[in-house]
Amino acid sequence: MTSYFALAGKEVYSGGFAQCVAWARSRVEADSEAVVKILRARAGEPTARVVAEVTREGERIIARGRHLPVSNLKRRCPAA
């Protein structure tokens, strides 16, 4: 199973990929300078990888994004 997270500064949202992109778009609409990272965490892996980012120009896929600990994302996410 795969989990997705959207990371905007200190705010974190968890859901499916489409839900995270929709949440990211709403954050970018509110703050045009915002850059929201979309991360994918596979089951059993301790880190999540940045797979996309959303800016006011649109969305783009990140080929080899950096890794962030899943535990930190879950701790900062209100839904987790």
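Cut-offs applied
- Residues numbered from 1 in each chain as written.
- Predicted model: local features only at pLDDT ≥ 70, side-chain atom pairs only at ≥ 80, totals over all residues.
- Heavy atoms only, no water.
- Helix = DSSP H or I, 4+ residues; strand = E, 2+ residues; numbered from the N terminus.
- Expected span 1.5 Å × (residues − 1).
- Buried < 20%, exposed > 50% of the residue type's maximum accessible area, 1.4 Å probe, protein only.
- Arc of directions from axis to C-beta.
- Contact = heavy atoms within 4.5 Å.

Q: So what's going on with helix α1 (residues 17-30)? Which residues, and what values?
A: Look at α1: 20 Å from first C-alpha to last across 14 residues, which is about the 20 Å you get at 1.5 Å a residue. Buried residues of α1: Cys20, Val21, Trp23, Ala24 and Val28, and no others. In a view along the axis of α1, the buried residues occupy a sector of 165°, so they form one face of it. The exposed residues of α1 that point more than 90 degrees off its buried face are Ala18, Glu29 and Ala30. Buried residues in α1 make contact with β1 (2-8), β2 (11-15), β3 (36-42), β4 (47-55) and β5 (58-61).

Q: Run through the environment of Arg66, naming residues and quoting values.
A: Mapped onto the elements of the fold, Arg66 is located in the loop between β5 and β6 (67-69). Taking the relative accessible area as the measure of exposure, Arg66 reaches 57% and is therefore exposed. Separated by 27 residues in the primary sequence, Arg66 and Leu39 place their C-alpha atoms 9.2 Å from one another. Apart from the residues lying within four places of it in its own chain, the contact partners of Arg66 are Ala48, Arg49 and Val50.

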